[in-house]
Amino acid sequence: MQRRTLIKLLTIGGAGIGGAGAIGVGGRSFAAAIASENHAEWGYVGAKDSTHWGDLSAEYQACKVGQQQSPVNLQKAIKAEPSPLQIAYHDIPLRVLNNGHTIQINAAPGNQITLNGSVYELTQFHFHHPSEHHLVSKTYPMELHLVHKDSTGALAVLGIFLQAGRENDVLKPIWAAMPSKKQPEKVVTGAKVSIARLLPKGREAYEYFGSLTTPPCSEIVNWVVFHDPIEVSQSQIDQFKQIFSLNARPIQPLSHRFILDAQS
Ligand SMILES: [Zn+2]
């Protein structure tokens with residue numbers, strides 16, 4: 001059995017067989033869900049915080065009724081075969097924006113990963129403070145999400161924890177350019193981002209099937225969260241924190257899902 005099929009079967013649980021539960025929200029397509037992403041305002045504190053997302057718009061109902069939501073507490077994982085994850089990244093020009101919820105860097109075409117036989121193209125990466133996933137109930141100061149999409153619209157997101165330590169050179173040009181207020185993409189002339197250098201040395205990772213961690217919370221994400229964190233300086237953490245003091249969704253129930261621990 002293909003690993004991807006195995007993960008799907010492991011995640012479906014009592015929710016019914018087939019991909020229908022994994023693609024779309026209440027029967028709508030992923031494209032429709034994404035297109036509506038900005039229709040209703042949402043946030044992390046106050047009346048529009050994550051406990052209310054499912055009530056803010058019909059398009060966000062998966063945030064409330066979904067059974068395969070993210071993030072989760074990564075624990076009690078099932079040991080699995082070495083992950084067939086392949087990563088082919090190259091340096092990209094720096095295109096950075098503040099979408100009001102995070103700092104996002106849009107990727108140039110040609111950065112791909114292959115996960116369980118499917119090829120996914122990197123579309124963007126962004127940051128959360130504090131970490132969204134928990135590692136055996138432990139949180140990290142920040143978490144990086146590298147978002148990839150395949151030809152069917154399914155997503156694969158690589159999650160990387162950030163811990164306080166040495167200053168991170170790769171983040172320097174991003175941090176120097178990141179807008180403190182909501183602002184469309186700007187291209188930073190001459191700046192390059194070495195995405196490959198954002199990956200941790202160890203490739204051991206947790207894999208599970210889940211959702212976007214922001215509205216519309218679509219359950220379309222193959223999550224791969226690395227065990228090993230990367231380092232950023234406390235000053236870099238503080239600088240991000242000044243813009244986003246909290247942009248992490250609380251952990252969600254694992255329900256019928258299983259987490260694979262891919263030793264590689
Ligand atoms: Zn994210």
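Computed from a predicted model, the values in this text were never measured in an experiment. (Residues numbered from 1 in each chain as written. Predicted model: local features only at pLDDT ≥ 70, side-chain atom pairs only at ≥ 80, totals over all residues. Heavy atoms only, no water.)

### Regarding the pairing of strand 6 (residues 112-115)
Note the cut-off: Only protein chains enter the area calculation, which uses a 1.4 Å probe; residues under 20% of their type maximum are buried, those over 50% are exposed, and those in between are partly exposed. For helices the rule is a DSSP run of H or I covering at least 4 residues; for strands it is a run of E covering at least 2, with both sets numbered from the N terminus onward. The rule for pairing is simple: two strands pair if DSSP sees at least two bridges between them.
Residues Ile113 and Leu115 line the buried face of strand 6, whereas the alternating positions Gln112 and Thr114 sit on a face that is not buried. Across four bridges, strand 6 lies against strand 7 (residues 118-128) in antiparallel orientation. Within strand 7, the position partnered with Leu115 by the bridge is Ser118. Linking strand 6 back to strand 7 in an antiparallel pair, the connection comprises two residues, with Asn116 at a positive phi of about 50°.

### Topic: the pattern of salt bridges
What counts here: Salt-bridge detection follows one rule: a side-chain nitrogen of Lys or Arg within 4 Å of a carboxyl oxygen of Asp or Glu.
In total, this model carries five salt bridges according to the counting rule given. Glu185 is paired through a salt bridge with Arg95; the nearest N and O atoms lie 3.2 Å apart. Placement of the pair is Glu185 in strand 11 (residues 183-193) and Arg95 in strand 4 (residues 92-98), with a sequence separation of 90 residues. When its relative accessible area of 35% is taken as the criterion, Glu185 is described as partly exposed. With a closest N to O distance of 3.0 Å, Glu231 and Arg166 form a salt bridge. Linking Glu231 in strand 14 (residues 230-232) with Arg166 in the loop between strand 10 (155-164) and helix 5 (172-177), this pair joins segments that are 65 residues apart in sequence. Classification of Glu231 as partly exposed rests on a relative accessible area of 27%. With relative accessibility at 63%, the residue Arg166 sits in the exposed group.

### Side note on helix 6 (residues 234-243)
Where we set the bar: Here the arc refers to the directions that run from the helix axis out to each C-beta atom. Whether two residues are in contact is decided by their heavy atoms, any of which lying within 4.5 Å being enough.
Among the residues of helix 6, those classed as buried are Gln236, Ile237 and Phe240. For helix 6, the buried positions fall inside an angular range of 100° around the axis, keeping them on one side. Opposite the buried face of helix 6, at more than 90 degrees from it, the exposed residues are Ser235 and Gln242. Those residues of helix 6 that are buried lie in contact with strand 5 (103-106), strand 7, strand 9 (142-149), strand 10, helix 5 and strand 14.

### Description of the confidence of the model for the chain
As a reminder of what qualifies: A residue's pLDDT is the confidence the predictor assigns to it, expressed on a 0 to 100 scale.
Put simply, the chain has an average pLDDT of 88, and 84% of its residues get 70 or more. In the model, residues 11-29 has pLDDT below 50 throughout and makes 31 contacts with residues more than four positions away in sequence or in other chains.

### Remarks on unusual backbone geometry
Cis rather than trans, the peptide bond between His129 and Pro130 has omega equal to -5°. Looking at the element boundaries, Pro130 is found in the loop between strand 7 and strand 8 (134-135). Cis geometry is found at the peptide bond from Pro215 to Pro216, where omega equals 10°. Residue placement: Pro216 occurs in the loop between strand 12 (205-210) and strand 13 (221-226). For Ser255, which is not glycine, the phi dihedral falls at a positive 50°. Residue position: Ser255 is located in the loop between helix 6 and strand 15 (260-262).

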